Amino acid sequence: MRSESPGSSRGSDGISNFSRILDLDHSNSNDYGIGGAMLPIFLNDLRRNNDQDLVEVTLELEDDSIILCSVTPTANNNNSSNLHLPSQSPLARAASSRLRRKFSWLTSSSSRASSSDASVDRVERVLASRDARKKKAQLIRTKSSAQRALGGLRFISKTTCTDVNELWKNVEARFACLAKEDGLLAREDFAECIGMADSKEFALGVFDALARRRQQKLGKITKAELHEFWLQISDQSFDARLQIFFDMADSNEDGRITRDEIQELLVLSAAANRLSKLKEQADEYASLIMEELDPENLGYIELWQLETLLLQREAYMNYSRPLSIASGGWSQNLNSLKPKSIVHRLTHCVKWILLENWQRTWILLLWFLTMACLFTWKFMQYKNQAAFHVMGYCLTTAKGAAETLKLNMALILLPVCRNMLTFLRSTRARFFIPFDDNINFHKIIAFAIAVGIGLHAGNHMICDFPRLVNSSPEKFALIASDFHYKKPTYKELIVGVEGVTGITMLILMSFAFTLASRYFRRNVLKLPSPFNRLTGFNAFWFSHHLFGLVYILLLVHGSFLFLVHNWTQKTTWMYISVPILIYAAERSLRTGRSEHFSPKIIKVSILPGDVFSIIMSKPNCFKYRSGQYIFLQCPSISSFEWHPFSITSSPGDDYLSVHIRTVGDWTQELKQVLTNDHGSSCTIGRAKFKKLGEVDSKALPKLLLDGPYGAPAQDYRNYDVLLLVGLGIGATPFISILRDLLNNNRAVEDQTDSNTETSMSGDSLTSVASSSMASSNEKKKSRKIKSANFYWVTREPGSFEWFKGVMNEVAEMDHKGQIEMHNYLTSVYEEGDARSTLITMVQALTHAKHGVDILSGTRVRTHFARPNWREVFSKVASKHPNTTIGVFYCGMPVLAKELKKLSYEMSHKTSTRFEFHKEYF
């Protein structure tokens, strides 16, 4: 369309008059231009009569309205009728409100108007429908001030400081570092300067939008201009943030956003959140937004439509299952039980500590008292002997410490006897002994052994040996018979059987204790080659097996004592013989069982996030509980290394499955052995992959299995309500629990259907009675879980592929809402951040339309960033007052401290009691 503008003017009333000559060429009818949707229809109608027709159109612009004043033929079209209406005519204003709706008056005396009546009416209805939606949206916004205070569209991260002035000081400091010699900040440094270095493309989009407001295309900006940009970005008004967000998409500044512009903004958001899959599907999701916001199919949306989408976010997300009851219930649960005075608070705190830690307390107290009694008994025993007059308190202290060492060297084996502990977990002993703390108790005993070694060896070598060697003949005569009437030298004491065995044990135990420390075991300490072999789990594992030699030396050391000759007084073997036998039986059972439990690999799947799963046949007589774990060994990799993995299948499944993350040398080698096929002729078979990650089970390497072993999560049946928290691969034990609950629900439904069919079939009462008895026995056997809340926090969206099938099954089968699943993706900015707002909208629309979450690919909604754990606990407490809730956590130790603290705090403030159980990996 070619236009000429003879003149334009603006009156004092704010009305502008435009007169344009329109050349009716064959331009694209979809380019509406200033005339809106109706102008192309009118012009196309004119084109059908005469391609050379020229008309002069006079318009008035008033606020957001366009008033048609006249349509006059040009000089070279004298035969056409004059359609002019005076611009000031009241009749003209009444008949021609907005241009896009008032071309219909031209049909009164024109034959060509009759052919376009249907099109005119249709477009009028479309635009009238959009106007009605706009008025309704404005009304909703006026009524709902709470919704308007969305708290969203933040361009500054919620986790940063909220003081804008303080943040600006940081921006100023970064400007000073990034500004060039001319004192200007380059466009490409804008993201880093405002603190959005990890979202550079998105920050550049903000920069360009703000630059367009100044009617400039900037490559560099001054500090003053940066401050102006910063004030707009940090504006707390939702309207201001919305306008920036709209301007980012509206790249051509026409006040409208097309599908292509939405797609570009989606690509920016996906790049900022590192969502490559969403980036690839931006075209599809942009079309979905247009379908929702542009039902009239005009090809564009306006600011008010984008605002409606954002303000009605909760309406689009109503598919999420509610977690809490009314807030009033939570307030009542909190306030009614909160102690009023300081005395009551302290009393309540002491009661809770005793109630929470009484198992640990009585175990540690008994152990400490036993050591104190043994130390005192042996101390007093040697104080009353003649040797005390020669070597003094050095001797009594060394002998008292030796007695505690015998006890602790016996006890330290018991916490690592896994089969014994697994058996005891299923007995009433679990009510009195904290089996979850077995490794912590093992470490405490190890620390006590180190202290005992220091007291025993230090007093011998530094104190009583020198006093013995330097004693007078009169004093030595008191104990001469113990040394065959010959005073020994210091060297003879050291190189004797007692000295050599003691020093050797000291060296071996020091080596094992050092490599067991966190710095060595977790590779925190980086050593140069070849000393780097001393770090890592393998060094810790092999060094711990040196204790086999230590126990042999301990028996020898305890049989050759300087001052004791009667074998009944040499009590070392009495302390350690029974624990050694138990531990030897434990290791023999493991070895024999691992040879018997050699499962066949059914399927191996490569999953995103450096994870692969192994599905194996379940060995005969292999029984386990959900939450337990097994050890796996691959002889083709190593004949000594065993590694623990949580079982992800349920006890009711006819197979056994584990999910393994490749985080170490052994897991990487196992994945390579199972998945690589290099055409090698070696005897070790390689897995041959088919489609969808399935493998050919022929010629696969042999796997040995040891277990199952008890874990904290296996006690989930002791609670009516569960709160399961998994971090990354730490979700594995809880997947088994969810599968078990799913199978139980399915069995209950099948049993109900069976009972109904039996009762309706008219069979004998015996069958009904037997069926009822079986059902009651089943109920007695397994406690009914009322509710389970599963929170899975992960950094990679591909992680959801690990258990996609389980989550879909639970969502489909859990008709009563007993299992609530919540996925959290920490790589995406928190909900309300401008970088994730559009993704949130697409997520809600997709789930509402297809019932599938765009990030997890399941029916379970994915939340962004990390959960607000205080809010999670408060909602669970509100929903289940006067209930004991089992909190089970598997993940890194950092979060465990926060969850344990919240469990105590919420148990203290509400009528709901939270019992925390942790499992590290």
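Residues numbered from 1 in each chain as written. Predicted model: local features only at pLDDT ≥ 70, side-chain atom pairs only at ≥ 80, totals over all residues. Heavy atoms only, no water.

Caption draft 1: Here's a closer look at the overall build of the chain. Within the chain, the regular secondary structure consists of 35 helices and 21 strands. Residue burial in the chain is summarised as follows: out of 921 residues, 48% are buried. Put simply, 71% of the contacts in the chain that link residues at least 6 apart link residues at least 24 apart. About 46,300 Å² of surface is accessible on the chain, with carbon and sulfur atoms providing 56% of the total. (Helix = DSSP H or I, 4+ residues; strand = E, 2+ residues; numbered from the N terminus. Buried < 20%, exposed > 50% of the residue type's maximum accessible area, 1.4 Å probe, protein only. Contact = heavy atoms within 4.5 Å. Areas by Shrake-Rupley, 256 points an atom, 1.4 Å probe, with all protein chains shown as cover.)

Caption draft 2: Up close: the packing of aromatic side chains. Overall, the coordinates contain 28 aromatic pairs when judged by the stated rule. Feature note: the residues Phe 465, Phe 476, Phe 483, Tyr 490 and Phe 562 constitute an aromatic cluster, connected by ring pairs. Above the face of the Phe 540 ring, Arg 521 is positioned so that its terminal group lies 5.9 Å from the ring centre. (Phe/Tyr/Trp six-rings, centres within 6.5 Å; stacked < 30°, edge-to-face > 60°. Lys NZ or Arg CZ within 6 Å of the ring centre and 35° of its normal.)

Caption draft 3: Spatial organisation of the packing of helix α24 (residues 497–515) against helix α26 (residues 537–544). For the pair α24 and α26, the least separation of the axes is 9 Å and the interaxial angle reads 150°. What the angle tells us is that α24 and α26 run roughly antiparallel. The crossing of α24 and α26 is left-handed. Where α24 abuts α26, its residues Phe 511, Ala 512 and Leu 515 lie against Ala 539, Phe 540, Ser 543 and His 544. (Axes fitted to C-alpha atoms, helices over the stretch in contact; angles between N-to-C directions. Parallel < 35°, antiparallel > 145°, perpendicular 65-115°, else oblique. Left-handed = near helix turned anticlockwise from the far one by under 90°.)

Caption draft 4: Up close: the pairing of strand β17 (residues 787–794). Of all eight residues that make up β17, eight are buried, and the element is covered over most of its length. Because side chains alternate across β17, one face comprises the buried residues Ser 787, Asn 789, Tyr 791 and Val 793, and the other comprises Ala 788, Phe 790, Trp 792 and Thr 794, equally buried. Of the strand pairs in this sheet, strand β16 (residues 721–727) and β17 are connected by seven bridges, and their pairing is parallel. By the bridge assignment for β17, Gly 726 is matched with Trp 792. (Pairing = 2+ DSSP bridges.)

Caption draft 5: Region of the structure containing the sheet that holds strand β11 (residues 643–646). Taken in spatial order, the three strands line up as β11-β10-β15 in an open sheet, and their pairing is antiparallel. Only two strands of the sheet have a single partner each, and these edge strands are β11 and β15 (704–709). Each neighbouring strand pair of the sheet contributes to a mean axis angle of 30°, computed without reference to strand direction. Sheet analysis places strand β10 (residues 629–633) next to β11, joined by four bridges and oriented antiparallel. Bridging across to β11, Phe 631 finds its partner in Pro 644.

Caption draft 6: Broad picture of the sheet that holds strand β9 (residues 611–617). Read from one edge of the open sheet, three strands run β8-β9-β12, paired in antiparallel fashion. For this open sheet the edge positions go to β8 (601–607) and β12 (655–661), each flanked by a neighbour on one side alone. Going across the sheet, the axis of each strand differs from the next one's by a mean of 15°, ignoring polarity. Sheet topology places β8 next to β9; six bridges connect them, and they run antiparallel. Bridge pairing in β9 links Lys 603 to Ile 615. Helix-sheet contacts for helix α29 (residues 665–675) involve β8, β9 and β12, and the interaxial angle to β9 is about 65°.

Caption draft 7: Structural context of a nonpolar patch on the surface. On the surface, Trp 358, Trp 362, Leu 366, Phe 431, Phe 432 and Ile 433 cluster together into a nonpolar patch covering about 570 Å² of accessible area. Topologically, Trp 362 is positioned in helix α17 (residues 342–383). Exposure remark for Trp 362: the relative accessible area of 35% places this residue in the partly exposed category. (Patch = residues over 30% accessible without salt bridge, like charges linked within 9 Å, V, L, I, M, F, W, Y side chains within 5 Å. Salt bridge = Lys/Arg side-chain N within 4 Å of Asp/Glu carboxyl O.)

Caption draft 8: Quick look at the pattern of salt bridges. If you walk through the whole model with that rule in mind, you get 23 salt bridges. For Arg 213, the salt bridge identified is with Asp 247, shortest N-O distance 2.9 Å. Note that Arg 213 is positioned in helix α8 (residues 200–213) and Asp 247 in helix α10 (residues 238–249), a separation of 34 residues in sequence. Using a relative accessible area of 34% as the deciding quantity, one classes Arg 213 as partly exposed. It is possible to trace a salt-bridge network through shared partners that takes in Arg 214, Glu 225 and Glu 228.

Caption draft 9: Seen up close, the nonpolar core. Counting 96 residues, the largest nonpolar core has Phe 190, Phe 202, Leu 226 and Phe 790 as the members making the most contacts within it. Residues within four places of Phe 190 in sequence aside, it is in contact with Leu 185, Ala 203, Phe 207, Ile 221, Leu 226, Phe 229 and Ile 233. (Core = buried A, V, L, I, M, F, W, Y, C linked by side-chain atoms within 4.5 Å.)

Caption draft 10: Representation of empty space enclosed by the protein within the structure. One pass over the structure, following the stated rule, counts four cavities of 30 Å³ or more. Lining the second largest cavity are Phe 245, Ala 249, Ile 257, Ile 262, Leu 265, Ile 289, Ile 301, Leu 306 and Leu 838. Contributing elements (two or more residues each) for the lining of the second largest cavity: α10 and α11 (259–272). A breakdown of the residues in the lining of the second largest cavity according to their chemical character gives nine nonpolar, no polar and no charged. (1 Å grid on protein atoms, 1.4 Å probe; cavity = no way out; pocket = protein on both sides within 12 Å on 5 of 7 lines; lining within 4 Å. Points joined across faces, edges and corners; volume = space filled by probe spheres on them. Nonpolar A, V, L, I, M, F, W, Y, C, P; charged D, E, K, R; others polar.)

Caption draft 11: Molecular detail of the state of the cysteines. This structure, assessed with the given rule, holds one disulfide. In this model, Cys 394 is linked to Cys 463 through a disulfide, with the two sulfur atoms separated by 1.4 Å. In this pair, Cys 394 sits in helix α19 (residues 393–411) while Cys 463 sits in helix α21 (residues 438–469), placing the two residues 69 residues apart along the sequence. The same class applies to Cys 394 as to Cys 463, namely buried. Unpaired in terms of disulfides, Cys 193 finds its nearest cysteine sulfur in Cys 177, a separation of 9.2 Å. (Disulfide = S-S within 2.5 Å.)

Caption draft 12: Looking closely at helix α14 (residues 303–311). With respect to burial, α14 is a largely interior element, eight of its nine residues being buried. Within the span of α14, buried status applies to Trp 304, Gln 305, Leu 306, Glu 307, Thr 308, Leu 309, Leu 310 and Leu 311.

Caption draft 13: How the structure looks around unusual backbone geometry. In this chain, Gly 707 is followed by Pro 708 through a cis amide linkage whose omega measures 0°. Summarising the element assignment, Pro 708 is placed in strand β15. Phi is positive for Asn 297, which is not a glycine, with a value near 60°. Here Asn 297 lies in the loop between α13 (282–293) and α14. Exposure remark for Asn 297: the relative accessible area of 65% places this residue in the exposed category. Of note in this structure, Tyr 485 is not a glycine but carries a positive phi near 60°.

Caption draft 14: Structural detail: the side chain of Ser 269. By the element assignment, Ser 269 lies in helix α11. Take Ser 269: its relative accessible area is 0%, and that puts it in the buried class. In this view, Ser 269 contacts Phe 202, Arg 835, Leu 838 and Ile 839; residues no more than four positions away in its chain are not counted.

Caption draft 15: Inspection of α21 at higher detail. End to end, α21 covers 44 Å across 32 residues, agreeing with the expected 46 Å (1.5 Å per residue, within 8%). At His 460, α21 shows its maximal bend, which comes to roughly 45°. (Expected span 1.5 Å × (residues − 1). Bend = angle between axes of the 7 residues up to and from the residue.)

Caption draft 16: Just the environment of Thr 662, in detail. Residue placement: Thr 662 occurs in the loop between β12 and α29. Separated by 50 residues in the primary sequence, Thr 662 and Phe 612 have C-alpha atoms spaced 8.0 Å apart. Sequence-distant contacts of Thr 662, that is, excluding residues within four places in its chain, are made with Asp 610, Phe 612, Thr 667, Gln 668 and Lys 671.

Caption draft 17: Summary view of the packing of α11 against α13. With their axes 8 Å apart at the nearest point, α11 and α13 run at an angle of 125° to one another. By the criterion of interaxial angle, the relationship of α11 to α13 is oblique. Handedness of the crossing formed by α11 with α13: right-handed. Contacts from Arg 259, Ile 262, Gln 263, Leu 266 and Val 267 of α11 reach α13 at Ala 282, Asp 283, Tyr 285, Ala 286, Ser 287, Ile 289 and Met 290. Here the residues of the contact of α11 with α13 are counted per class, giving eight nonpolar, two polar and two charged.

Caption draft 18: Looking closely at the confidence of the model for the chain. Mean pLDDT over the chain: 76, with 73% of residues reaching 70 or higher. Averaged pLDDT values for the elements of the chain fall to 35 in strand β13 (residues 688–689) and rise to 94 in α19. Across residues 1–43, where pLDDT falls below 50, the model places 89 contacts with residues more than four positions away in sequence or in other chains. Low confidence marks residues 678–697, where pLDDT is under 50. Its contacts with residues over four positions away, or in another chain, come to 44 contacts. (pLDDT = per-residue confidence, 0-100.)

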